[in-house]
Amino acid sequence: MEGSAPGEVRMSQAIQPAHSNPRGELSAGQLLKWIDATACLAGSGAGRGVQDAGDPGVPGVRNVKALKGVRPSVDDIQFEETARVGQVITIKAKVTRAFSTSMEISIKVTVQDMFTGIEKLVSVAFSTFVTKPVGTEKVNFLYEEGSNPICDEEEGTVSTRDTSVQSIELVLPPHANHHGNTFGGQIMAWMETVATISARFLAVTFGFRLCRVHPLLKSVDMFKFRGPSTVGDRLVFNATVNNTFQTCVEVGVRVEAFDCKEWSEGRGRHINSAFLIYNAVDDKEEMVTFPRIKPVSEVSYEHMRFSNQTTYSGGSCGYRALPRLSPCTDNNLRGYSPLDDFRRYHGAIARKRIRLSRKYVVSHKEEVPLCEHWNIDNQVSLSKGNVEALKKMAAKSGWEVTSAMEKTKMYILEEDDILSVWVEKHVERPAHLVYHLLSDFTKRPLWDPHYMSCEVIDRVSEDDQIYYITCPVVNDDKPKDLVVLVSRRRPVKDGNTYTVAVKSVILPSVPPSPQYVRSEITCAGFLIHAIDNSSCTVSYFNQISASIFPYFAGNLGGWSKSIEETAASCIQFIENATDDGLISLF
């Protein structure tokens, strides 16, 4: 352990077999212990620096005597790389921001191979510490979950009632600091252990009994430290799977502390919560895909309490039920309430959207333009490729429902750093009439607020046209404009799906204007599927590019419903179109 400056600490650790799991990989719980210890030293180092001489690099904390650090949260832990036995872990923690009563510490973890010298990023995290003089009360941090989007149950889903796991640990002197308070890193390690067991039980529940499944901790949405525990406390860890998202699983963990009196009364203190995200691989190192789950709607409380719950007590006590917990006062088993089960299920979807917002909205980079030049020599291949790209996107697997309304569903698809959106709408109009309305982009500003104007600049053929589109200002930037190729196709013989494909092209006659930011549509369009003679399903797809991302940012983050509102406007426009207006299209 070495310190560079007040508020900055560097720790290096050689990974030994005792630090690893059966696969020879560094245990996530052990890494969390090291991260927590380094962050604590960085926070206390900043306090000493300010107390003694002042630290210009940590503004806002001055004249603080007898500092004690309280860790209210460890947020946004991302695991990027796996470390193995024989490698060296380096953890750097630094106070990045400080306020009157708190400080934020950034943590970066790297791993170096001793033979090759190659260094890779393992993890990044942010920890918040509250500082207080001795004798004053701790500043309380309140956690509020985001609003839960609407999501309906789907066919083929599986219940996760059998994934509830409970572990009981007794806090001993080696688990605590010199004040007698349990190390935060030790609690995090125990939480990671019980969450991993829950994720593994999920794999068994889903039928992966014929092959070994290895849950891998990918990220931690949030560790929330709500209160302390001390030597002699019994800590009860409850973990359950909240939701699944194709190849990842979110496990929620709740920790309650009991002293001797509270234990006898069955009344504990809620001290920690966390949401841990897992992937899973099989023996062939291939990613396991999980089915969708459904919340428990009707279940026997007593049956789940005594039959389905796995309880482990640390030490020599083995597996047993938590004593003297009644259905009326049992906060540990609140996960068995059907209402609470739905809350966790929808809360996982909300947190998924927040993670998407962090990944694609906060950290997205401007891309290199991919659109091709349009000319008479390549117009056939571009038109054909435009239609095929849309159909290929629609045929992909892995779409996840993020919201559902009466006539509209919204899905997202993640592929490496590519994010795509699918909006499905039910329309009470014949498919061929809907096709003519949606393929005429000059009418799009009538129902889509993201389009200010849309004019035809080249009628290539009956089924292919090039449009110039202007879009409104977003995020106080310049308005955007687009030059797009719209290729439409009627169903082939015996088919019932109409296609309207869209992609950006470069047209020399329409160069970029200084008044606009030239943007790009990589792949987008409509697939219109006839249900009967009077109704159809309209599916809109868009592979989101960086230039048009600001228009989708609110929906991904959960603070806007502009996509759902645009879909509703589209449905209204189509269903209210007069017969005279439709006839004039032919």
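Residues numbered from 1 in each chain as written. Predicted model: local features only at pLDDT ≥ 70, side-chain atom pairs only at ≥ 80, totals over all residues. Heavy atoms only, no water.

If you check an unreviewed UniProt entry, the protein chain appears there as Acyl-coenzyme A thioesterase 12 from Camelus dromedarius. Listed under Pathway (unreviewed entry) in UniProt, the entry text for the protein chain is "Lipid metabolism; fatty acid metabolism." Database annotation for the protein chain, UniProt heading Subcellular location (unreviewed entry): "Cytoplasm". (UniProt positions renumbered as here; feature names shortened; annotations may be inferred.)

## Focus: the nonpolar core
Formed by 59 residues in total, the largest nonpolar core has its most connected members in Ile 89 and Phe 223. Of all the elements, helix α2 (residues 184–205) adds the most residues to this core, at eight residues. When residues of this core are sorted by domain, at least three fall in each of domain 1 (1–47 + 66–132) and domain 2 (158–298 + 338–362). Ignoring any residue separated from it by four or fewer positions in sequence, one finds Ile 89 in contact with Met 11, Ser 12, Gln 13, Ile 15, Leu 26, Leu 31, Trp 34, Ala 83, Val 109, Thr 110, Val 111 and Val 122. The next biggest cluster of nonpolar side chains, apart from the first, holds 42 residues, and it includes Phe 441, Phe 526, Cys 536 and Ala 577. (Core = buried A, V, L, I, M, F, W, Y, C linked by side-chain atoms within 4.5 Å. Buried < 20%, exposed > 50% of the residue type's maximum accessible area, 1.4 Å probe, protein only. Helix = DSSP H or I, 4+ residues; strand = E, 2+ residues; numbered from the N terminus. Domains from an automatic or database assignment. Contact = heavy atoms within 4.5 Å.)

## Looking at the pattern of salt bridges
It is possible for side chains of opposite charge to pair when their charged atoms get near one another. Taken as a whole, this structure holds 15 salt bridges when the rule is applied. Glu 25 serves as the salt-bridge partner of Arg 23, at 3.2 Å between the closest nitrogen and oxygen. Measuring nitrogen to oxygen at the nearest pair gives 3.2 Å for the salt bridge that ties Lys 407 to Glu 575. Within this pair, whereas Lys 407 is found in the loop between β16 (400–404) and β17 (408–415), its partner Glu 575 is found in helix α9 (residues 562–576), the two being separated by 168 residues in sequence. Look at Lys 407 and you get partly exposed, because its relative accessible area is 31%. Take Glu 575: its relative accessible area is 25%, and that puts it in the partly exposed class. Three or more residues are tied together by salt bridges with common partners; here these are Glu 462, Asp 463, Arg 488 and Arg 490. (Salt bridge = Lys/Arg side-chain N within 4 Å of Asp/Glu carboxyl O.)

## Structural notes on α9
In this model, α9 (15 residues) spans 21 Å end to end at C-alpha, consistent with the 21 Å of a helix rising 1.5 Å per residue. Those residues of α9 that fall on the buried side of the exposure criterion are Ser 562, Ile 563, Glu 564, Thr 566, Ala 567, Cys 570, Ile 571, Phe 573 and Ile 574. (Expected span 1.5 Å × (residues − 1).)

## Looking at the confidence of the model for the protein chain
Of the residues in the protein chain, 71% reach a pLDDT of 70 or more, and the chain-wide mean stands at 75. Low pLDDT, under 50, characterises residues 138–155; the predicted model gives this stretch 45 contacts beyond four residues in sequence or across chains. Every residue in residues 298–336 scores below 50 in pLDDT, and together they form 79 contacts with partners more than four places removed in sequence or on other chains. (pLDDT = per-residue confidence, 0-100.)

## Quick word on the packing of aromatic side chains
Taken as a whole and judged by the stated rule, the model has eleven aromatic pairs. Ring centres 4.9 Å apart and planes at 35 degrees place the aromatic pair Tyr 435 and Tyr 498 in the tilted group. Separated by 63 residues along the polypeptide, Tyr 435 in helix α7 (residues 431–439) and Tyr 498 in strand β22 (residues 497–506) bring together distant segments of the chain. Judged by its relative accessible area of 16%, Tyr 498 falls in the buried class. Each ring, one from Phe 526 and one from Tyr 540, has its centre 5.2 Å from the other, and the planes form 45 degrees; the classification is tilted. A residue pair is termed long-range when its members are at least 10 positions apart, and Phe 526 in strand β24 (residues 523–530) and Tyr 540 in strand β25 (residues 536–543) qualify at 14 residues. (Phe/Tyr/Trp six-rings, centres within 6.5 Å; stacked < 30°, edge-to-face > 60°.)

## Concerning the environment of Leu 235
Checked against the element boundaries, Leu 235 lands in strand β10 (residues 234–245). For the pair Leu 235 and Leu 170, spaced 65 residues apart in the sequence, the C-alpha separation amounts to 6.3 Å. What Leu 235 contacts, discounting residues up to four positions off in sequence, is Ser 167, Ile 168, Glu 169, Val 171, Ile 187, Trp 190, Ser 229, Val 255, Glu 256, Ala 257 and Ile 271.

## Quick notes on empty space enclosed by the protein
Throughout the structure, instances matching the rule amount to five cavities of 30 Å³ or more. Quantified by volume, the largest cavity comes out at close to 320 Å³. Looking at the largest cavity, it is lined by 21 residues, and the ones nearest its centre are Arg 444, Asp 448, His 450, Tyr 540 and Phe 552. Listing elements by their share of the lining of the largest cavity, those giving two or more residues are β18 (418–427), β21 (480–489), β25 and α9. The element contributing the most residues to the lining of the largest cavity is α9, with three residues. (1 Å grid on protein atoms, 1.4 Å probe; cavity = no way out; pocket = protein on both sides within 12 Å on 5 of 7 lines; lining within 4 Å. Points joined across faces, edges and corners; volume = space filled by probe spheres on them.)

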